[in-house]
Amino acid sequence: MIRNIFIAIIAFTLLLGCKAKQYDVSVPPKGYSNNTTLKIAYATGALKIIEKDFPVPEDIKEYKDITYKTVDTIPLKLDIYHSKEIEKDAPLIIFIHGGAWKKGNKHDYLVYLSSFAQKGYVTATVQYRLTDVAKYPAQLHDVEDAVRWLKLNAANYHIDATKVALVGGSAGGHLALMNAYSNTQEDVDEKGISAAVQAVVNFYGPSNLTDETAINASSVQYLIGKSYEEAPDLYKKASPLFLISKNVPPTLTFQGTLDELVPYEQSDILHATLQKAGAISYYHKLKGWPHTMDASVKVNAYCQYHMDRFFEKYIPFN
């Protein structure tokens, strides 16, 4: 009898464990009460983190380290991914890495690059000059030139150049927003190519470099190359918030309330300002999650679920 009860308890525990692994990716995963409990969860392994470095899936074609431009003898490179089974041109999703504009690597977004390539998109990730090499707006110009290069060479990589989305995290989110909001189809280079895009996804990127948190941040000061007191206009010109109009591309923003680097209020204001201007804006504020929250397996799945629907609507397959 006791043995049977013991077996039943074990079976029930295993059943609960199986159910715990099943969750609705459309619903925000439960966050943490503060950053201390989050760090404890990470240290104990309770918080599952995505793999960032893994072999490219066998069904994906990778074009690695393509030089899209050279500046002062410095080659700037990008990577492109698409399914080996791709037969016709597909929408392009370009990823811009973060790292406070002073570090980071285009390889950082491999989980997204491979995942969306397997879903049928062409994906790309771009390198840009970091702040120890050049000050703003060099970083924005590099992103713009990468977008133009990909459009110009679209036929070589199965890219539909009329359907392009930008995705960036943190500093990359800032650059994605800046490119999306400051370029139109009419802003073309000597080859007649624009850096305009049809949609932008912002992961916890700073949108206002003139607020108190930003102007006191060493990373922002190093990006601009001057203090706010020395060059307030530069800080404003580098802020996506002040470029908003009803004509900016549809925007999808993800932000955590425990973010200690970019206050969630920035994303609150970004979303409200977009709505007030009559622009299209979707905002997912995740309670109890920090900066780089999409490193969590559950948060990443949630974000990809909503990115899927966003892309289906604004850069649809033919």
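To be clear, the structure that these remarks concern was listed above.
Now for a quick tour of the structure. None of the values given here were measured: they were computed from a predicted structure.

Rules and cut-offs
Residues numbered from 1 in each chain as written. Predicted model: local features only at pLDDT ≥ 70, side-chain atom pairs only at ≥ 80, totals over all residues. Heavy atoms only, no water. Helix = DSSP H or I, 4+ residues; strand = E, 2+ residues; numbered from the N terminus. Rg over C-alpha atoms; globule rule 2.2 N^0.38 Å. Buried < 20%, exposed > 50% of the residue type's maximum accessible area, 1.4 Å probe, protein only. Contact = heavy atoms within 4.5 Å. Lys, Arg positive; Asp, Glu negative; His and termini not counted. Charge placed at Lys NZ, Arg CZ, Asp CG, Glu CD. Pairing = 2+ DSSP bridges. Axes fitted to C-alpha atoms, helices over the stretch in contact; angles between N-to-C directions. Core = buried A, V, L, I, M, F, W, Y, C linked by side-chain atoms within 4.5 Å.

1. A look at the overall build of the protein
When helices and strands are counted, the protein shows 10 helices and 8 strands. Taken over the C-alpha trace, the protein has a radius of gyration of 21 Å; the compact-globule value for 318 residues is 20 Å, and the two agree within 12%. Projecting the C-alpha coordinates of the protein onto the three principal axes gives extents of approximately 85 × 50 × 40 Å. A buried classification covers 51% of the 318 residues belonging to the protein. Partitioning the intrachain contacts of the protein with sequence separation of at least 6 by distance along the chain shows that 76% fall at a separation of at least 24. Positive and negative side-chain charges in the protein, numbering 33 and 34 respectively, have mean positions lying 6 Å apart.

2. What to know about the sheet that holds strand β7 (residues 251-256)
On the basis of which strands lie adjacent, the open sheet formed by 8 strands has the order β1-β2-β4-β3-β5-β6-β7-β8 and mixed pairing. Sheet topology places β1 (60-71) and β8 (281-286) at the edges, where each strand pairs with a single neighbour. Pairs of neighbouring strands in the sheet enclose a mean axial angle of 20°, with direction left out of account. Where strand β3 (residues 90-96) meets strand β5 (residues 159-169), 6 bridges bridge the pair, whose relative direction is parallel. Each bridged residue has a counterpart across the sheet, and for I94 the counterpart in β5 is L166. Packed onto the sheet, helix α5 (residues 171-182) meets β3, β5, β6 (199-203) and β7 and runs at close to 140° relative to β5. Its contacts with the sheet place helix α9 (residues 264-277) against β6, β7 and β8, and it is angled at close to 160° to β8.

3. Concerning the nonpolar core
If you look at soluble globular proteins, the nonpolar side chains tend to sit buried side by side. Ranked by internal contacts, the top residues of the largest apolar core, which has 53 residues, are L78, I80, L150 and Y181. Top contributing element to this core by residue count: α5, with 7 residues. Contacts of I80, omitting those with residues within four sequence positions, involve K61, E62, Y63, I66, V122, T123, A124, W149, L150 and Y157. Within the second largest apolar cluster, 36 residues are counted, among which are I60, Y112, L258 and L286.

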